[in-house]
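Fold and contact review
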Amino acid sequence: MTKTLKNAYTCSKNFSGYPCCHRQWRHPGHCRFVHGYSRSFTFWFAAQELDPYGFVVDFSSLRDLEQQLNNQFDHTFLANADDPLLSQWQSLNDQGAIDLRVMDNVGMESSAELVWQWANVLLLDRDGGRSCCWRVEARENEANAACFEAIPKWFETKTLL
């Protein structure tokens, strides 16, 4: 059974324009080839109480999250940590041909989970658990997206049915 938020305010923020490339080396089809997208991410936030300014999350306070997104996804080459060509990708990075980022999994589902974690680390550190990110949509183009949805353990006790 999916847990749901109870009596919570919510809002969302979209960050877009992160052109990067990757490959799913295990895939038997064309996804095994290097290909790219301009990724975007939509974050959904929740809080039972608004901050002193009346916000769930003050969007101007998300600059550190936006910088993490830029560093990870803006004009970068994403490779799985177990990619058999990883040493070649690292060599190309060392030669300045690519800007390599190694991830456990470069797929959109795993990317959504990764940035969900980043958002919640930021919110817990900054707000002490008043707000959380409960959903992220990672979009590779207008037609394809993946979501990760979870309520952080530290927020659960406050808001679940």
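Everything below is about the structure printed above this text.
Below you will find a few notes about this structure. (Residues numbered from 1 in each chain as written. Predicted model: local features only at pLDDT ≥ 70, side-chain atom pairs only at ≥ 80, totals over all residues. Heavy atoms only, no water.)

Comments concerning the pattern of salt bridges
Counting across every chain of the model gives seven salt bridges. Of the charged contacts in the structure, one is a salt bridge between Asp 82 and Arg 26, with a shortest N-O distance of 1.9 Å. Within this pair, whereas Asp 82 is found in the loop between β3 (76–80) and α2 (86–94), its partner Arg 26 is found in the loop between β1 (9–22) and β2 (35–47), the two being separated by 56 residues in sequence. In this structure, Asp 127 and Arg 130 form a salt bridge, with 3.6 Å as the shortest nitrogen-oxygen distance. (Salt bridge = Lys/Arg side-chain N within 4 Å of Asp/Glu carboxyl O. Helix = DSSP H or I, 4+ residues; strand = E, 2+ residues; numbered from the N terminus.)

A word on the packing of aromatic side chains
Within this structure, the stated rule accounts for eight aromatic pairs. A centroid spacing of 5.0 Å and a plane angle of 40° characterise the contact between Phe 41 and Phe 73, whose relative ring orientation is tilted. Of this pair, Phe 41 sits in strand β2 while Phe 73 sits in helix α1 (residues 63–73); the two residues are 32 residues apart in sequence, bridging distant segments of the chain. Here Phe 41 matches Phe 73 in class, with each residue buried. Look at Trp 154 and Phe 155: their rings are 6.0 Å apart centre to centre, the planes differ by 85°, and that puts the pair in the edge-to-face class. Since its relative accessible area comes to 0%, Phe 155 is described here as buried. Linked through ring pairs, Tyr 18, Phe 41, Phe 73 and Trp 118 together constitute an aromatic cluster. Between the NZ or CZ atom of Arg 135 and the centre of the ring of Trp 44, over which it lies, the distance is 4.5 Å. (Phe/Tyr/Trp six-rings, centres within 6.5 Å; stacked < 30°, edge-to-face > 60°. Buried < 20%, exposed > 50% of the residue type's maximum accessible area, 1.4 Å probe, protein only. Lys NZ or Arg CZ within 6 Å of the ring centre and 35° of its normal.)

None of the figures reported here should be taken as evidence of function without further support.
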